[in-house]
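Residue-level structural notes
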Amino acid sequence: MQIAGNAFLVTGGASGLGEATASRLAKAGGRVVIADVNEEAGRRLALHLGDTARFAKADVTREDDLKLAITAAASFAPSRGLRGIICCAGIAPAAKVFGKKGPHPAQLFRQAIEINLVGTFHAMTLAAAAMAENEPDDDGERGVIINTASVAAFEGQIGQIAYAASKGGVAAMTLPAARDLAPLGIRVVAIAPGVFDTPMVEGMPEKVRQGLEAQCVFPPRLGRAEEYASLVEEIIRNRMLNGAVLRLDGAVRLAAR
Ligand code: NAD
């Protein structure tokens, strides 16, 4: 899938990995709709990127918001339609199964599942419906869906039960979704990042952040959001990438804490 002239939607595009992705796709000539609940940051980024970017306020837990954002993206390249969605919206709550404050709050667990997993599911199903209307390119390709899991899907740390469950779901959806959408020429790939230097990680307590950094093998540092965006670009361009969960982690294998 080429990037120039095609429309892409980036959920969670106002910050961190999504922001770097929206910027990279816009610079590569793509038309990018940034969908996020953070209106101020999203509008600021769209303004900064110029004519090739727009902002759509969208909460990924609300199907109607996503439908509007998808329509906005499709109409950004009317003769081509929506060709790619990159799902970066997410939260990372921390609580133990049973801790000092008692049992894990069920509401916190539900919230992580609702935003990280069900939000990704909504984005995927609704984007696929829009992409199904596209004229196929050579090789019969109509679109590409890129979801964001986490290495926590495989090595959830202490306090990550809700996050790990949500990201495990994102990882597990990849192959069946790719199989379901193959007849339409729509690819589905997930990226499982290790530890990246974004506001999500900056917001963690210093001790937790330092512990994560110390586990990075090579390079011995946190990942950079541009490195995530670079993989997104390769996934969009390389049609043989499909149905896979790609670790992007500098060989990190997270310990219990
Ligand atoms: P971030 O906090 O910088 O960005 C997340 C964005 O998602 C924010 O702009 C936020 O407003 C938006 N968002 C939150 N809830 C939303 C909702 N309901 N609807 C729409 N937008 C919503 O975090 P990040 O580090 O860039 O994370 C991006 C994704 O990558 C997340 O899914 C995260 O779980 C995943 N991830 C991050 C890391 C890391 O180390 N940073 C590692 C593994 C996976």
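It should be emphasised that the depicted structure is a prediction, and the values quoted were computed from it without experimental measurement. (Residues numbered from 1 in each chain as written. Predicted model: local features only at pLDDT ≥ 70, side-chain atom pairs only at ≥ 80, totals over all residues. Heavy atoms only, no water.)

Next up on the list: the sheet that holds strand β1 (residues 7-11). Read across the open sheet, the 7 strands follow the order β3-β2-β1-β4-β7-β8-β9; overall the sheet is parallel. What marks the edges here is a single partner per strand, and that holds for β3 (53-57) and β9 (245-248). Neighbour-to-neighbour, the strand axes of the sheet open up by a mean angle of 20 degrees, direction not taken into account. In this sheet, strand β4 (residues 82-87) lies alongside β1 in parallel orientation, the contact comprising 5 bridges. Residue Thr 11 lies in a different strand from β4, and its bridge partner there is Cys 87. In this fold helix α2 (residues 39-49) packs onto β2 (31-36) and β3, with an angle of close to 165 degrees to the strand it touches most, β3. (Pairing = 2+ DSSP bridges. Helix = DSSP H or I, 4+ residues; strand = E, 2+ residues; numbered from the N terminus. Axes fitted to C-alpha atoms, helices over the stretch in contact; angles between N-to-C directions. Contact = heavy atoms within 4.5 Å.)

On to the nonpolar core. The biggest cluster of nonpolar side chains holds 37 residues, and the ones touching the most others in it are Leu 9, Leu 82, Ile 85, Met 131, Ile 145 and Val 188. Those elements giving two or more residues to this core turn out to be β1, β2, α3 (63-74), β4, α4 (106-131), α5 (161-181) and β8 (186-193). Sorting elements by how many residues they give to this core places α4 first, with 9 residues. Among residues more than four places away in sequence, those in contact with Met 131 are Leu 82, Arg 83, Gly 84, Ile 85, Arg 142, Gly 143, Val 144, Ile 145 and Ile 186. By size, the runner-up hydrophobic cluster in this structure holds 31 residues, among which are Ala 26, Val 189, Val 232 and Leu 241. (Core = buried A, V, L, I, M, F, W, Y, C linked by side-chain atoms within 4.5 Å. Buried < 20%, exposed > 50% of the residue type's maximum accessible area, 1.4 Å probe, protein only.)

Inspection of every chain in the model, using the stated rule, returns 0 aromatic pairs. Above the ring of Phe 76, the side-chain terminus of Arg 54 is found at 3.8 Å from the ring centroid. (Phe/Tyr/Trp six-rings, centres within 6.5 Å; stacked < 30°, edge-to-face > 60°. Lys NZ or Arg CZ within 6 Å of the ring centre and 35° of its normal.)

The next subject is the pattern of salt bridges. This model, assessed by the stated rule, comprises 17 salt bridges. A salt bridge links Glu 141 to Arg 239; the shortest N-O distance between them is 2.6 Å. Residue Glu 141 is found in the loop between α4 and β7 (143-148), and its partner Arg 239 is found in the loop between α8 (225-237) and β9; the two are separated by 98 residues along the sequence. Judged by relative accessible area, Glu 141 falls into the buried class, the value being 3%. When salt bridges with common partners are traced through the structure, they connect Asp 138, Asp 139, Glu 141, Arg 187 and Arg 239 into a single cluster. (Salt bridge = Lys/Arg side-chain N within 4 Å of Asp/Glu carboxyl O.)

Attention shifts here to the pairing of β8. With 8 of 8 residues buried, β8 is to be regarded as a mostly interior element. Neither face of β8 is exposed, since Ile 186, Val 188, Ala 190 and Ala 192 on one face and Arg 187, Val 189, Ile 191 and Pro 193 on the opposite face are all buried. Of the crossover connections in this fold, the one passing from β7 over α5 to the parallel β8 is right-handed. Relative to β9, β8 is paired through 4 bridges, and the arrangement is parallel. Bridging from a neighbouring strand, Ala 190 pairs with Val 245 of β9. (Right-handed = clockwise from strand over helix to strand, strands pointing away.)

Contact geometry of helix α1 (residues 16-27) with α8 gives a least axis separation of 8 Å together with a crossing angle of 55 degrees. If you check the angle between α1 and α8, you find them oblique. The chirality of how α1 crosses α8 is right-handed. Touching Gly 16, Leu 17, Ala 20, Thr 21, Arg 24 and Leu 25 of α1 are Ala 225, Glu 226, Tyr 228, Ala 229, Ser 230, Val 232, Glu 233 and Ile 236, all from α8. Here the residues of the contact of α1 with α8 are counted per class, giving 8 nonpolar, 3 polar and 3 charged. (Parallel < 35°, antiparallel > 145°, perpendicular 65-115°, else oblique. Left-handed = near helix turned anticlockwise from the far one by under 90°. Nonpolar A, V, L, I, M, F, W, Y, C, P; charged D, E, K, R; others polar.)

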